[in-house]
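Spelled out, the chains give:
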Amino acid sequence: MEKTKQTVPSLVPRHVAIIMDGNNRWAKKRFMPGVAGHKAGVDAVRAVIEVCAEAKVEVLTLFAFSSENWQRPAEEVSALMDLFFKALRREAKRLNDNNISLRIIGDRSRFHPELQAAMREAEAITAGANRFVLQIAANYGGQWDIAQAAQRLAREVQAGHLRPDDITPELLQTCLVTGDLPLPDLCIRTGGEHRISNFLLWQLAYTELYFSDLFWPDFKHDAMRTALADFASRQRRFGKTSEQVEAGARV
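Student: Now, about the nonpolar core: what can you tell me, with residues and values included?
Tutor: Judged by nonpolar contacts, the single largest core of 45 residues is most densely connected at Val16, Ile18, Leu60, Leu88, Leu134, Ile188 and Met224. Counting residues per element, this core draws most heavily on helix H3 (residues 74-97), which supplies eight residues. With sequence-adjacent residues up to four places away left out, Ile188 is seen in contact with Val16, Ala17, Ile18, Ile19, Tyr210, Phe219, Met224 and Ala227. Counting 10 residues, the second largest nonpolar core, distinct from the first, contains Ile19, Phe63, Ile105 and Cys187.

Student: Give a detailed account of the pairing of strand S1 (residues 15-19), specifying residues and quantitative values.
Tutor: Where burial is concerned, most of S1 is hidden: five out of the five residues are buried. Of the two faces of S1, the one lined by His15, Ala17 and Ile19 and the one lined by Val16 and Ile18 are each fully buried. Both S1 and strand S2 (residues 59-66) contribute to a ladder of five bridges, which runs parallel. Bridging across to S2, Ile19 finds its partner in Phe63. In the sheet, S1 pairs with strand S5 (residues 186-189) via four bridges, with the strands oriented parallel. When the bridges of S5 are listed, Ile19 appears paired with Arg189.

Student: Give a description of the side chain of Glu76 that names residues and reports values.
Tutor: Position of Glu76 relative to the elements: it lies in helix H3. Since its relative accessible area comes to 15%, Glu76 is described here as buried. Within polar-contact distance, the side chain of Glu76 engages the side chain of His38 at 3.3 Å. Here Arg72 takes part through its side chain, which lies 2.9 Å from a polar atom of the side chain of Glu76.

Student: I'd like to hear about the packing of H3 against helix H4 (residues 113-125), residue by residue, with values.
Tutor: Interaxial distance between H3 and H4 falls to 9 Å at its minimum, and their mutual angle equals 15°. In terms of axis orientation, H3 runs roughly parallel to H4. Viewed along their axes, H3 and H4 form a crossing whose handedness is left-handed. Side by side, H3 and H4 meet where Met81, Phe84, Phe85, Leu88, Arg89, Ala92, Lys93 and Asn96 of the first sit next to Glu114, Leu115, Ala118, Met119, Glu121, Ala122 and Ile125 of the second. The class makeup of the residues in the contact of H3 with H4 is 10 nonpolar, one polar and four charged.

Student: Report on the pattern of salt bridges, specifying residues and quantitative values.
Tutor: Side chains that differ in sign of charge can pair as their charged atoms come close. Within the structure shown, the criterion is met by 19 salt bridges. Taking the shortest distance from any N to any O, the salt bridge between Arg46 and Asp43 comes out at 3.1 Å. Placement of the pair is Arg46 and Asp43 together in helix H2 (residues 34-55), with a separation of three residues, close to one helical turn. Residue classification places Asp43 among the partly exposed positions, given a relative accessible area of 41%. One network of salt bridges, with partners in common, ties together Asp43, Arg46, Arg90, Glu91 and Arg94.

Student: Please give an account of helix H7 (residues 221-232) that cites residues and values.
Tutor: With 12 residues, H7 ought to run about 16 Å at 1.5 Å a step, and its terminal C-alpha atoms sit 17 Å apart, in line with that. Listed as buried for H7 are His221, Asp222, Ala223, Met224, Arg225, Ala227, Leu228 and Phe231. Those residues of H7 that are buried lie in contact with S1, H2, S5 and strand S6 (208-211).

Student: Before we move on, could you go through the side chain of Asn139 and cite the residues and values that matter?
Tutor: Mapping Asn139 onto the fold places it in strand S4 (residues 132-140). Owing to a relative accessible area of 7%, Asn139 belongs among the buried residues under this scheme. Only 2.8 Å separates the side chain of Asn139 from the side chain of Trp70, close enough to count as a polar contact. At a separation of 2.8 Å, a polar atom in the side chain of Asn139 contacts the main-chain carbonyl oxygen of Asp107.

Rules used throughout
- Residues numbered from 1 in each chain as written.
- Predicted model: local features only at pLDDT ≥ 70, side-chain atom pairs only at ≥ 80, totals over all residues.
- Heavy atoms only, no water.
- Core = buried A, V, L, I, M, F, W, Y, C linked by side-chain atoms within 4.5 Å.
- Buried < 20%, exposed > 50% of the residue type's maximum accessible area, 1.4 Å probe, protein only.
- Helix = DSSP H or I, 4+ residues; strand = E, 2+ residues; numbered from the N terminus.
- Contact = heavy atoms within 4.5 Å.
- Pairing = 2+ DSSP bridges.
- Polar contact = N/O pair within 3.5 Å; in protein donor to acceptor, adjacent residues only side chain to side chain.
- Axes fitted to C-alpha atoms, helices over the stretch in contact; angles between N-to-C directions.
- Parallel < 35°, antiparallel > 145°, perpendicular 65-115°, else oblique.
- Left-handed = near helix turned anticlockwise from the far one by under 90°.
- Nonpolar A, V, L, I, M, F, W, Y, C, P; charged D, E, K, R; others polar.
- Salt bridge = Lys/Arg side-chain N within 4 Å of Asp/Glu carboxyl O.
- Expected span 1.5 Å × (residues − 1).

What follows is the structure in structure tokens.
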């Protein structure tokens, strides 16, 4: 149950990215099948969306299914696909009613055509929403993202529209699947692990990292507000000294 609302921090990240880890371990601890943890995690997703919208975060990106997750047991993958399909059908109208735009990033080609159609339909339903962007990373990998951006630029060079010397970090960044959005300011990983697991590799270059020991289904309103408060307490230097940052803040 949600506790009393806390004050929203004065410094709010524009873009929050989350690695939702610990669903299986949450279920195992309760002697339940792994898919039960993923189902319980849906409530945490709703809680985090509510807090981010309340804090006026602009973009929330959730790592739902990595390109490596296909290696999991077939029955778990099948259950996850079914859960994803049902969630898309169930939640799209609710997201639109709350003025939240849904985007799904990743390589869709491996998904069943019916699931691909559900993705397109959910994105179309929410296309006019402009309060907040919810990105779901599905069959996504940071290495794949950089590779597909490089392929796009290589085709431009091959066609004579670009010279190799025209390719800059800034140009490559625009070719990433998140290229039209602000870079993540804060990346949260639940479940007690301290790694980024091939998630938004390029985009996280200067992102603040926050690790929680809570399993994802337990990461609710107060936990999310605590993460935002921790972010607000940090000084982001981007290669500068503390004195330079503080001097710039006074200008």
